[in-house]
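This is what each chain is made of:
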There are 2 protein chains.
Amino acid sequence: MSNQRLDAIDIRILARLQADGRITNQQLADAVGLSPSPCLRRVRQLEESGIIQGYVGLVDPAAVGLGVTAFVRIRLEQQDDTRLSLFEAAVADFPEVMECYLMTGEADYQLRVLVGSLSEFEDFLRHKLTKVAGVSQVTTSFALRPVVYKTALPVG
Amino acid sequence: MSNQRLDAIDIRILARLQADGRITNQQLADAVGLSPSPCLRRVRQLEESGIIQGYVGLVDPAAVGLGVTAFVRIRLEQQDDTRLSLFEAAVADFPEVMECYLMTGEADYQLRVLVGSLSEFEDFLRHKLTKVAGVSQVTTSFALRPVVYKTALPVG
DNA sequence: CGATTTTTTGGCAGAATCTGCCAATACTCT
DNA sequence: AGAGTATTGGCAGATTCTGCCAAAAAATCG
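Residues numbered from 1 in each chain as written. Chains lettered and ligands numbered in written order. Predicted model: local features only at pLDDT ≥ 70, side-chain atom pairs only at ≥ 80, totals over all residues. Heavy atoms only, no water.

### Some thoughts on the overall build of chain A
Then comes step 1: Looking only at helices and strands, chain A has five helices and five strands in total.
Then comes step 2: Listing the helices and strands of chain A from first to last along the sequence gives α-α-α-β-β-α-β-β-α-β.
Then comes step 3: Taken against the 2.2 N^0.38 rule, which gives 15 Å for 156 residues, the C-alpha radius of gyration of chain A at 20 Å runs more than 25% over that of a compact globule.
Then comes step 4: Viewed in the frame of its principal axes, chain A has a C-alpha envelope of about 55 × 40 × 25 Å.
Then comes step 5: Counting all 156 residues of chain A, 45% fall into the buried class.
Then comes step 6: By sequence separation, contacts in chain A at least 24 residues apart represent 64% of the contacts at least 6 residues apart.
Then comes step 7: Of the charged side chains in chain A, 16 are positive and 19 negative; the average position of the first set lies 6 Å away from that of the second. (Helix = DSSP H or I, 4+ residues; strand = E, 2+ residues; numbered from the N terminus. Rg over C-alpha atoms; globule rule 2.2 N^0.38 Å. Buried < 20%, exposed > 50% of the residue type's maximum accessible area, 1.4 Å probe, protein only. Contact = heavy atoms within 4.5 Å. Lys, Arg positive; Asp, Glu negative; His and termini not counted. Charge placed at Lys NZ, Arg CZ, Asp CG, Glu CD.)

Here's what the structure looks like:
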């Protein structure tokens, strides 16, 4: 999990793995111009150093009945460390919360919430989010449609 | 890319693959209580039907110098189909734009933008985003810190 | 510059995994 | 119960993985 200098080959490895997390080591080695052995070693190093955080399968939300994306901006009553930690622990446990950021500006936090329907969202608001200690103001906007969703960072 | 009924085993397969996109088929089969062969067949079907959209490696943004997350809300001058399509095509080509949603409410679009520094963000705003035809109002909030970032949908 | 150390690479080989095929099992519907 | 359909498990050749070691490349230092 420490610093590490990334050379041109590492960058290409990252680009490839971001595009296809199941590429075989042989294909990857071929793509970046190495033989399998040093290629695998580089990948392992990138994994162990935390630069590669993991590999995941991506599932179509609509296919599993999760068609509603909501963005929720939240103000807390107070912003001391304890309140922030409490709130963060709470949202981290909500399966509906896909993203959460501590923010500058009007809101303290912004959430991206994924649910199956508006009534599920209401349940989430009424029974979960507003029950968290310290939550003062909640503002919701809904996504009509996703336009771009990427996980691959621009590298190279 | 068509509809498909998901049974309990499929759900468990999806959960596992969302948690570890490089799990071997044998481990996966074991975890869901099948032998490798039918397990692989189910995975292939989920892939071909588009329920599994793909597999990706996740890279730490800070490790590649991308430490600034900005949320940008955008109003267009007009909201006819042509303008929307034009805007969407433009943002899809910006490597900085990780997410974009067509929104209800005040803003027409909301973007999550990932850059290395505030000056890079200014470049993005001045030379890219505001140059897109039809963009009228742009409001930015910055993330101080990511709290939750998940790709795994709640299934199971 | 040349010699030494350090780092990185490529090839090898046994182990593990993949994956298509086929017979056996389980399920469905009348 | 029985016919038909769908799903499963086992098998085996092909592919891939992955640790080890010697060779090559790069970096360091006198």
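Here the narrative resumes, following the displayed structure.
### Regarding the protein's contact with DNA strand C
Then comes step 1: Lining the immediate environment of DNA strand C, one finds Leu34(A), Ser35(A), Ser37(A), Pro38(A), Arg41(A), Arg42(A), Thr24(B), Asn25(B), Gln26(B), Ser37(B), Leu40(B) and Arg44(B).
Then comes step 2: Taking the atoms of DNA strand C that fall within 4 Å of the protein, sugar and phosphate contribute 65% of them.
Then comes step 3: Here Arg44(B) contributes a side-chain N or O atom positioned 2.6 Å from a phosphate oxygen of DNA strand C.
Then comes step 4: Of all the secondary-structure elements, those providing two or more residues to the surface near DNA strand C are α3 (36-48) of chain A together with α2 (25-32) and α3 (36-48) of chain B.
Then comes step 5: For the surface near DNA strand C, the per-class residue count stands at three nonpolar, six polar and three charged. (Near = heavy atom within 4 Å. Polar contact = N/O pair within 3.5 Å; in protein donor to acceptor, adjacent residues only side chain to side chain. Nonpolar A, V, L, I, M, F, W, Y, C, P; charged D, E, K, R; others polar.)

### Examining the domain arrangement of chain A
Frequently, the measure chosen for interface size is the accessible area that the parts lose on association.
Then comes step 1: Here chain A is described as being made up of domain 1 (8-48) and domain 2 (61-142).
Then comes step 2: When each unit is reduced to the centre of its C-alpha atoms, the spacing between domain 1 of chain A and domain 2 of chain A is 37 Å. (Domains from an automatic or database assignment.)

### Digging into the relation of the copies chain B and chain A
Then comes step 1: Superposing chain B onto chain A takes a rotation of 180 degrees combined with a translation of 0.0 Å along the rotation axis, leaving an RMSD of 0.1 Å. Between the two chains, the operation in question is that of a two-fold axis.
Then comes step 2: The fraction of interface residues of chain B whose copies in chain A are also interface residues reaches 100%, indicating that both copies meet through the same surface. (Least-squares fit on C-alpha atoms with pLDDT ≥ 70 in both.)

### A short note on the pairing of strand β3 (residues 97-103) of chain B
Then comes step 1: Along β3(B), seven of the seven residues are buried, which leaves the element largely enclosed by surrounding structure.
Then comes step 2: Here five bridges tie strand β5 (residues 135-149) of chain A to β3(B), and the two strands are oriented antiparallel to one another. Considered in β3(B), the bridge of Arg145(A) is made with Leu102(B).
Then comes step 3: Strand direction decides the pairing type here: β3(B) and strand β4 (residues 109-115) of chain B, joined by five bridges, are antiparallel. Within β4(B), the position partnered with Leu102(B) by the bridge is Tyr109(B).
Then comes step 4: The turn joining β3(B) and β4(B), which pair antiparallel and follow one another in sequence, is formed by five residues; a positive phi near 90 degrees is taken by Gly105(B). (Pairing = 2+ DSSP bridges.)

### Examining the protein's contact with DNA strand D
Then comes step 1: Around DNA strand D, the structure places Thr24(A), Asn25(A), Gln26(A), Ser37(A), Leu40(A), Arg44(A), Leu34(B), Ser35(B), Ser37(B), Pro38(B), Arg41(B) and Arg42(B).
Then comes step 2: What you see for DNA strand D is that sugar and phosphate hold 63% of its atoms within 4 Å of the protein.
Then comes step 3: One nitrogen or oxygen atom from the main chain of Asn25(A) is found 3.1 Å from a phosphate oxygen belonging to DNA strand D.
Then comes step 4: For DNA strand D, a base nitrogen lies 3.5 Å from a polar atom in the side chain of Ser37(A).
Then comes step 5: Elements with a contribution of two residues or more to the surface near DNA strand D: α2 (25-32) and α3 of chain A together with α3 of chain B.
Then comes step 6: Residue contributions to the surface near DNA strand D peak at four residues, all from α3(B).
Then comes step 7: By residue class, the composition of the surface near DNA strand D is three nonpolar, six polar and three charged.

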